[in-house]
Amino acid sequence: MSLLFTVNYFPNNSMNWIFISGLVIIASLLIKWYKALVEYSYIKAMVANIPGPPARYTLLGNLDMIWNNCNVEQNPADYFFKSMAHLYRKEGIFKCRNANRVMVLIFNQDLAQDFLKCNVNIEKAFEYQLLYDWLGKGLLINDSAHLWRERRKLLTPAFHQKILTEFVPIFNEKTDILMKCLADCVDIKGINICDLVFPTALDIITESGMGIKINAQQNENQDYIHAIQQMGKCLLDRVFNPMLWSNVIFYMTSSGKQFKRNLNISHELTRRVINDRKDYLLQNKGNVCSDSDCKPSKRKRLAFLDLLLENHFNDNSLTLEDI
């Protein structure tokens, strides 16, 4: 009799737990849906006065306008943004919808200045999460306000005016190379200025920030440059394809596999530079003067990477992966 009672009891108990679990799941989904609806209504009201193209499809937003430009020579998303920037050039700002997400794009310097000066809106949007595998959770795309302020305080000394002035010769040297490249293009009917500006910016950033010369303008380290360009294009396509937002799905596609290959090329060079610079600083400890009060004859340029490594030596909580 006791065995019969036990057999009959547990199925009923299991059904009760299934029923309760189902109610909890449904309630959680309803709460989540309600919060999303409230947030969407708030954002919609907040950007109501910002101009932008209307969305023909509720679920897609303005994605159809991007996908319809797949036959153009340049990137469809890039073509869409340039078209909208031309259309709303007087306003200097426009909004569009990326599926269920509202994006506001600013290309007016006064509006951009007001926004960038604000220290309240420092939490990054969802789209920045797609950059984690490439750039990590650094200062640029950090989604933690506390960690952002901590890292910002850490990096402030590297952007002191006296320190930045020391890198002016690098800026001048790379700009002179750019001017020569432009002079060679005088007789050419048309050029894409980005093809010249990108290597220049890369040369300046790597030498002033990392203390190395990659000579991108002299067509050296082309594998690294090509990898960065391809990853940028791949990420732009991914941002406007909700089906690729999931890492699991994305890395199963040909685009994701190509991104992974380029990511390995990029990180391989970065890790080599960091390890080489770390070994150099350890071997020459005390010979690199970072004090802005040092005499010019004794002071050497303290690259941005050197500052990070010095903090790594003093505080192991800042790992090489963080750098």
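From a predicted model like this one, the values you see are computed outputs, not experimental measurements. (Residues numbered from 1 in each chain as written. Predicted model: local features only at pLDDT ≥ 70, side-chain atom pairs only at ≥ 80, totals over all residues. Heavy atoms only, no water.)

### Regarding the overall build of the protein chain
- Assigned secondary structure in the protein chain consists of 13 helices and two strands.
- Here the contacts in the protein chain between residues at least 6 apart in sequence split such that 54% fall between residues at least 24 apart. (Helix = DSSP H or I, 4+ residues; strand = E, 2+ residues; numbered from the N terminus. Contact = heavy atoms within 4.5 Å.)

### Description of the pairing of strand S1 (residues 93–98)
- A large share of S1 lies buried, amounting to five of its six residues.
- Where S1 folds back on strand S2 (residues 101–106), the antiparallel hairpin that results is connected by two residues, among which alanine 99 adopts a positive phi of roughly 60°. (Buried < 20%, exposed > 50% of the residue type's maximum accessible area, 1.4 Å probe, protein only. Pairing = 2+ DSSP bridges.)

### With respect to the packing of helix H10 (residues 222–239) against helix H12 (residues 254–283)
- Packing of H10 against H12 leaves a shortest axis separation of 9 Å and a crossing angle of 140°. In terms of axis orientation, H10 runs oblique to H12. Two packed elements cross with a definite hand, and for H10 against H12 that hand is left-handed. Contacts from Asp223, Tyr224, Ala227, Gln230, Met231, Cys234 and Leu235 of H10 reach H12 at Ser255, Gln258, Phe259, Asn262, Leu263, Ile265, Ser266 and Leu269.
- Grouping the constituent residues of the contact of H10 with H12 by class yields nine nonpolar, five polar and one charged. (Axes fitted to C-alpha atoms, helices over the stretch in contact; angles between N-to-C directions. Parallel < 35°, antiparallel > 145°, perpendicular 65-115°, else oblique. Left-handed = near helix turned anticlockwise from the far one by under 90°. Nonpolar A, V, L, I, M, F, W, Y, C, P; charged D, E, K, R; others polar.)

### Observations concerning the packing of helix H8 (residues 168–183) against helix H9 (residues 194–210)
- Relative orientation of the contacting elements H8 and H9 amounts to 160°, with a least axis distance of 10 Å. Put simply, H8 runs roughly antiparallel to H9. Seen from above, H8 lies across H9 with right-handed handedness. Of the residues in H9, those touching H8 at Ile170, Phe171, Lys174, Leu178, Cys181 and Leu182 are Leu196, Thr200, Asp203, Ile204, Glu207 and Ser208.
- Of the residues belonging to the contact of H8 with H9, the class tally is seven nonpolar, two polar and three charged.

### What to know about H10
- Across its 18 residues, H10 extends 26 Å between first and last C-alpha, which sits within 8% of the 26 Å expected from 1.5 Å per residue.
- Inspection of H10 places Tyr224, Ile225, Ala227, Ile228, Met231, Cys234, Leu235, Arg238 and Val239 among the buried residues, and these make up the whole buried set.
- Buried residues belonging to H10 abut S1, helix H5 (132–135), H9, helix H11 (247–250) and H12. (Expected span 1.5 Å × (residues − 1).)

### Observations regarding the pairing of S2
- Sheet analysis places S1 next to S2, joined by six bridges and oriented antiparallel. Note on S2: the bridge partner recorded for lysine 95 is valine 104.

### Considering a nonpolar patch on the surface
- Taken together, Met179, Leu182, Ile188, Ile191, Ile193 and Val197 make up a surface patch of nonpolar side chains, about 490 Å² in accessible area.
- Within the secondary structure layout, leucine 182 lies in helix H8. (Patch = residues over 30% accessible without salt bridge, like charges linked within 9 Å, V, L, I, M, F, W, Y side chains within 5 Å. Areas by Shrake-Rupley, 256 points an atom, 1.4 Å probe, with all protein chains shown as cover. Salt bridge = Lys/Arg side-chain N within 4 Å of Asp/Glu carboxyl O.)

### Considering the pattern of salt bridges
- One pass over the structure, following the stated rule, counts three salt bridges.
- Here arginine 101 and glutamate 127 are joined by a salt bridge, their closest N and O atoms 3.1 Å apart. Of the two residues, arginine 101 is situated in strand S2 and glutamate 127 in the loop between helix H4 (109–117) and H5; the sequence distance between them amounts to 26 residues.
- When its relative accessible area of 13% is taken as the criterion, glutamate 127 is described as buried.

### Some words on the nonpolar core
- Membership of the largest hydrophobic core comes to 39 residues, with the highest contact counts inside it found for Phe81, Trp134, Leu202, Phe240 and Phe259.
- Sorting the residues of this core by element identifies helix H2 (63–67), helix H3 (76–87), S1, H5, H9, H10, H12 and helix H13 (304–314) as the ones contributing at least two each.
- Split by domain, this core shows at least three residues from each of two domains, domain 1 (34–118) and domain 2 (156–285 + 299–315).
- Once residues lying within four places of it in the same chain are set aside, the contact partners of phenylalanine 81 are Phe94, Cys96, Leu105 and Phe240. (Core = buried A, V, L, I, M, F, W, Y, C linked by side-chain atoms within 4.5 Å. Domains from an automatic or database assignment.)

### What to know about the environment of lysine 278
- Mapped onto the elements, lysine 278 comes out in helix H12.
- Relative accessible area serves as the criterion here: at 21%, lysine 278 is assigned to the partly exposed category.

### Quick notes on the packing of aromatic side chains
- Enumeration according to the criterion identifies nine aromatic pairs in this entry.
- Seen from their ring centres, tyrosine 251 and phenylalanine 259 are 6.4 Å apart, and the 45° between their planes marks the pair as tilted.
- The partly exposed category is assigned to tyrosine 251, whose relative accessible area is 23%.
- An aromatic cluster of three or more residues is present, and its members are Phe80, Phe81, Tyr88, Phe94, Phe107 and Phe240.
- Taking NZ or CZ as reference, arginine 238 lies 4.1 Å from the ring centre of phenylalanine 250, over its face.
- Seen from the ring of tyrosine 251, lysine 260 lies directly overhead, with NZ or CZ sitting 5.3 Å from the centre. (Phe/Tyr/Trp six-rings, centres within 6.5 Å; stacked < 30°, edge-to-face > 60°. Lys NZ or Arg CZ within 6 Å of the ring centre and 35° of its normal.)

### Observations regarding the confidence of the model for the protein chain
- Of the residues in the protein chain, 82% reach a pLDDT of 70 or more, and the chain-wide mean stands at 78.
- When the criterion is pLDDT under 50, residues 1–10 qualifies, and its contacts beyond four places in sequence or with other chains add up to zero contacts.
- Ignoring residues within four places in sequence, the model shows residues 289–299, a span with pLDDT below 50, making 12 contacts including any to other chains. (pLDDT = per-residue confidence, 0-100.)

### Brief notes about the side chain of asparagine 98
- Structurally, asparagine 98 is set in strand S1.
- Judged by relative accessible area, asparagine 98 falls into the buried class, the value being 0%.
- In terms of polar contacts, asparagine 98 uses its side chain to reach the backbone carbonyl oxygen of valine 239, at 2.9 Å. (Polar contact = N/O pair within 3.5 Å; in protein donor to acceptor, adjacent residues only side chain to side chain.)

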